Amino acid sequence: MSEGNAVVARNVRLLREQRGLSLAELARQAGLAKQTLSNLEQGAGNPTVDTLFSIATALGVPVTRLVAEREQVMTVQRGDDVVWQRRAGYESRSLDHVYGSGVIENYLVRISRDSEGAGKPSEPHPVGTLEHLYVISGRVRVGPADTPVELSAGDFVRYPGDRPHVYESLDGESLVHIVVSVPRVQPGTGGTTVARTHGGGRR
């Protein structure tokens, strides 16, 4: 497998899975044979320019997204330059967003045990959303509302964000780091785009 074919294979498979499309469905939308698409995702064969444009159109992305390695960008945010946003039960500080076929959100979240709304479940995010939570200090009860887990400083948990979920401090004020991955689904594939989850916008 050539490096170029490997890049295309990874990008097409990732974009297809993020949109919740099967091989057969993407092939249908792109006007290709299912086997052609399967071979491409395995890095076999040499797709034509027309084939790449057809796939990119079906996925709703520029063709360059299929043939380029994903960018790695460093961003520095100084602690003195940020503002904490108050919400029911906690305050949050947005760290950054990474845009592409989806949105990756980073937050530091202060959870207060005796704040108004503490422990109240948050509304589900779009289908496919995952939350990755690391406890910096304190003890918390977090995760799906029906099966939360108790964590201490240094613990990590990943859980579905597309179900009602809770953030509750068990030890005064706790500080956690949350990374939220929100798929950006294209129109017609059963999902919607979404804005900020913990720092404003739709919850």
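Here the structure is shown first, and the text comes after it.
These figures come from a predicted structure and were not determined experimentally. (Residues numbered from 1 in each chain as written. Predicted model: local features only at pLDDT ≥ 70, side-chain atom pairs only at ≥ 80, totals over all residues. Heavy atoms only, no water.)

## Let's talk about the overall build of the chain
Our working definition: The way it works is that DSSP assigns letters per residue, a run of H or I at least four long becomes a helix, a run of E at least two long becomes a strand, and they are numbered from the N terminus. Only protein chains enter the area calculation, which uses a 1.4 Å probe; residues under 20% of their type maximum are buried, those over 50% are exposed, and those in between are partly exposed. The contact criterion used throughout is that any non-hydrogen atoms of two residues lie within 4.5 Å. Each accessible area value is a Shrake-Rupley result obtained with a 1.4 Å probe; residue values ignore everything except the protein chains displayed when judging cover.
The helix and strand tally for the chain stands at 5 helices and 9 strands. Taken from N to C terminus, the helices and strands of the chain fall in the order α-α-α-α-α-β-β-β-β-β-β-β-β-β. A buried classification covers 40% of the 203 residues belonging to the chain. Contacts in the chain between residues far apart in sequence, at least 24 positions, make up 64% of those at least 6 positions apart. For the chain, the exposed surface amounts to about 11100 Å²; the carbon and sulfur share of it is 50%.

## Description of the sheet that holds strand β5 (residues 139-144)
Strand pairing in a sheet is mediated by backbone hydrogen bonds. Such pairs are either parallel or antiparallel. How we decide: In this analysis, strands are considered paired if DSSP registers two or more bridges between them. Axis definition: a line fit to C-alpha positions, over the contact stretch in the case of helices; interaxial angles, taken between N-to-C directions, run 0 to 180 degrees.
Spatially, the 3 strands line up as an open sheet ordered β6-β5-β8, and their pairing is antiparallel. Whereas interior strands pair on both sides, the edge strands pair on one side only; in this sheet they are β6 (149-152) and β8 (165-169). Put simply, the sheet's adjacent strands are angled 20° from each other on average, direction ignored.

## Some details on the packing of helix α2 (residues 23-30) against helix α3 (residues 34-41)
The condition that has to hold: Roughly parallel covers angles under 35 degrees, roughly antiparallel covers those over 145, roughly perpendicular covers 65 to 115, and oblique covers all other angles. Here is the rule for handedness: rotate from the far helix to the near one, and if that takes an anticlockwise turn smaller than a right angle the crossing is left-handed, while a clockwise turn gives right-handed. Ten residues, namely Ala, Val, Leu, Ile, Met, Phe, Trp, Tyr, Cys and Pro, are considered nonpolar, four, namely Asp, Glu, Lys and Arg, are considered charged, and the remaining ones, Gly among them, are considered polar.
At a minimum axis distance of 8 Å, the contact between α2 and α3 shows a crossing angle of 115°. By the angle class used here, α2 and α3 are roughly perpendicular. At the point where α2 passes α3, the crossing takes the right-handed sense. Contacts from Leu23, Ala24, Leu26 and Ala27 in α2 reach Lys34, Leu37, Ser38 and Glu41 in α3. Here the contact of α2 with α3 is built from residues that sort into 5 nonpolar, 1 polar and 2 charged.

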